[in-house]
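Chains, contacts and geometry: an overview
Now for the letters of each chain:
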Amino acid sequence: MKTRILFLTKFVKGIHPNAGGMETHVDDLINGLTKDRNFEVSIITSRKSDNHKIIERAGVNYYYVNETIGRNPFSRYRFFRSVSEKMKEIDYKDSFDLVHVQSDFGMGYFQHIKKALPVVSTIHGTTSDEFKGSIRAKPYLFPIWMIAFPFYKRIERNMMRNSDVLICVSGAIRKSVMKKFPGCEDRITTIVNGIDLD
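Right, let's walk through the structure included here. (Residues numbered from 1 in each chain as written. Predicted model: local features only at pLDDT ≥ 70, side-chain atom pairs only at ≥ 80, totals over all residues. Heavy atoms only, no water.)

A short note on the nonpolar core
- Counting 37 residues, the largest nonpolar core has L8, I44, M87, Y92, Y109, I123 and V177 as its most contacted members.
- In terms of residue count, helix α6 (residues 142-162) provides more of this core than any other element does, six residues in total.
- Excluding anything up to four places from it in sequence, V177 contacts I123, T126, M160, C168, C184 and I188.
- Grouped together as the second largest cluster of nonpolar side chains are twelve residues, V12, I15, V26 and Y62 included. (Core = buried A, V, L, I, M, F, W, Y, C linked by side-chain atoms within 4.5 Å. Buried < 20%, exposed > 50% of the residue type's maximum accessible area, 1.4 Å probe, protein only. Helix = DSSP H or I, 4+ residues; strand = E, 2+ residues; numbered from the N terminus. Contact = heavy atoms within 4.5 Å.)

If you want it as structure tokens, here you go:
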């Protein structure tokens with residue numbers, strides 16, 4: 001019997017033009033899992049881009065929501081809400097065996113969905129990292145982030161506490177997570193991105 005894994009990621013390589021390192025990481029995971037007949041992979045992600053050629057990976061079930069995450073911190077709330085509605089729509093409790101979330105996506109999961117399945121959270125950075133990056137890119141968002149930051153920080157703490165496994169993509173991120181969220185040492189590991197040698 002196949003293990004049914006649901007990935008939650010804001011963008012997907014081959015579908016969204018602004019996909020980056022996190023999406024490459026997810027794509028590599030999915031590529032490996034779909035080659036193994038013991039796994040069935042599904043993804044919930046942002047709406048499709050109208051002006052971008054869509055390349056969906058064979059053997060993967062895709063579910064799209066009508067929202068996406070932008071630099072505005074409040075876009076996350078709308079996006080997380082939309083994803084939770086999609087999960088309920090596809091009856092995720094009976095349709096999957098495991099949920100794998102990426103960074104801030106896990107915050108949305110634990111904010112809007114009652115945990116019913118094992119959850120693996122891959123940490124690509126913390127809310128503090130996102131805050132700094134957003135302000136550097138768009139300084140005018142500083143007042144908005146100052147309002148939103150405590151809210152997201154609280155949700156992030158909930159995610160770190162309730163994930164069954166925490167995977168950090170670098171030693172530096174692991175060190176940062178352990179410093180900011182003590183008590184998760186027994187559930188945290190580091191798995192760096194692999195390199196395709198073919």
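Here the narrative resumes.
Considerations on the pattern of salt bridges
- A complete count under the given rule lists two salt bridges for this structure.
- We note a salt bridge from D97 to R4, for which the minimum N-O separation is 3.0 Å. Of this pair, D97 sits in the loop between α3 (92-95) and β4 (98-102) while R4 sits in strand β1 (residues 3-8), and the two are 93 residues apart along the sequence.
- According to the relative accessible area criterion, D97 is partly exposed, its value standing at 28%.
- With a shortest N-O distance of 3.4 Å, K86 and E89 are connected by a salt bridge. Of the two residues, K86 and E89 both sit in helix α2 (residues 73-89), three residues apart, roughly one turn of that helix.
- Judged by relative accessible area, which is 16%, K86 ranks as buried. (Salt bridge = Lys/Arg side-chain N within 4 Å of Asp/Glu carboxyl O.)

So, the packing of aromatic side chains
- Applying the stated criterion across every chain yields a total of two aromatic pairs.
- Measuring from ring centre to ring centre gives 6.3 Å for Y62 and Y64, while their planes differ by 10°; the resulting arrangement is stacked. The same class applies to Y62 as to Y64, namely buried.
- On the basis of an interplanar angle of 45° and a centroid distance of 6.3 Å, the ring pair of F79 and F80 is categorised as tilted.
- Under the relative-accessibility criterion, F79 is labelled buried at 0%.
- Looking at F80, the relative accessible area reads 4%, which means it is buried. (Phe/Tyr/Trp six-rings, centres within 6.5 Å; stacked < 30°, edge-to-face > 60°.)

Brief notes about the sheet that holds strand β6 (residues 165-168)
- Spatial strand order, β3-β2-β1-β4-β5-β6-β7: seven strands in an open sheet with parallel pairing. Of all the strands in the sheet, just β3 (60-64) and β7 (188-190) have a single pairing partner and so form its edges. Between one strand axis and the next, the sheet turns by 20° as a mean value, whatever way the strands run.
- The pairing of β1 with β4 spans four bridges and is classified as parallel. What sits directly across from F7, in β4, is H100.
- Lying on the sheet, helix α7 (residues 171-180) is in contact with β5 (119-123), β6 and β7; it crosses β7 at an angle near 160°. (Pairing = 2+ DSSP bridges. Axes fitted to C-alpha atoms, helices over the stretch in contact; angles between N-to-C directions.)

Remarks on the state of the cysteines
- In the structure shown here, the tally under the stated rule is zero disulfides.
- Take C168: it sits in no disulfide, and the sulfur closest to it among the cysteines is that of C184, at 7.6 Å. (Disulfide = S-S within 2.5 Å.)

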